[in-house]
Amino acid sequence: MHLSRPASPVVVLLLSLVLHSTSFAVPIRFLPWDESIVARKMGLQNATGVTEITGLHPDKRSKPLDGTSGEVPLRLVALDRTGPDGKPVTVDIKAPSGIQTPLVLILPDPKHPTGLRTFVIEDNTSNFRWGTIRLINATGKALLFRHEKAIASVPETWAPVDIDPGGTPRNMGVQFAARANLTEILYSAMWEYDPDMRKLIFVLPATDASTGSVEFKIIPENRRIIAAEAAAAKSEPTN
């Protein structure tokens, strides 16, 4: 299931978590929250200047850009909005120190001059391994996630929880329940497990709040496809 909709107020609230600024010298990718973000004109300000960010899609990581920062931290630039000085407004890109492969989630934030907010996730495959399901809870409520016979706690914060079922490709039963009410199942389904795939899954409040269930924004990635694309790129003739 792939859902893309504006961030709820709880998303904006949770994104005010305290992160540490750090200098990058690594490739950086972007993931817009929804089509309204894709429609914006944005750029990355790094150590050498501002580069427009193109080819964004709400269900796919962008191509890598130069994440080298200098004395000024990396910034997301709203090229379609200007401040009182007539210059495009910006929002800092903050991340934990030591991050290897930053993935910058771009979310709407009507309270910021840019109308945007950033949230950085470690996306390196040594940390977010193939075959792993990475859950990020945006419901604002502590959850429990059952996959087959195992149960994992999912905190109400945006702290990632990695689930690695292991084994061979298969369909596996999954369920979500609120920690505060274990008798009510919020979601139950069969999910595909593939050791060659990793899935970044945002758990969201249901569009219809009366149902009390949850929905998902799922960003899959398949290493076989990545390897095939890399091989095709190498075989392309150079000028």
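Nothing here was measured: the structure is a model prediction, and the numbers come from that model.

**Focus on the overall build of the chain**
Item 1. For the chain, the helix and strand inventory stands at three helices and 16 strands.
Item 2. Across the 239 residues of the chain, 43% fall into the buried class.
Item 3. The contacts of the chain with a sequence gap of at least 6 include a subset with a gap of at least 24, amounting to 64%.
Item 4. Element-wise, carbon and sulfur atoms account for 54% of the exposed surface of the chain, whose accessible area totals about 12,400 Å².

**Observations concerning the sheet that holds strand β2 (residues 42-46)**
Item 1. Spatially, four strands are ordered β3-β2-β5-β6 in an open sheet, and the strand pairing comes out antiparallel. Here the strands that pair on one side only, and so sit at the sheet edges, are β3 (49-52) and β6 (88-92). Neighbour to neighbour, the strand axes of the sheet diverge by 35° on average, direction disregarded.

**Some words on the pairing of strand β8 (residues 116-122)**
Item 1. A large share of β8 lies buried, amounting to six of its seven residues.
Item 2. Across seven bridges, strand β7 (residues 102-108) lies against β8 in antiparallel orientation. Of the residues in β8, the one forming a bridge with valine 104 is valine 120.

Calculation rules
- Residues numbered from 1 in each chain as written.
- Predicted model: local features only at pLDDT ≥ 70, side-chain atom pairs only at ≥ 80, totals over all residues.
- Heavy atoms only, no water.
- Helix = DSSP H or I, 4+ residues; strand = E, 2+ residues; numbered from the N terminus.
- Buried < 20%, exposed > 50% of the residue type's maximum accessible area, 1.4 Å probe, protein only.
- Contact = heavy atoms within 4.5 Å.
- Areas by Shrake-Rupley, 256 points an atom, 1.4 Å probe, with all protein chains shown as cover.
- Pairing = 2+ DSSP bridges.
- Axes fitted to C-alpha atoms, helices over the stretch in contact; angles between N-to-C directions.

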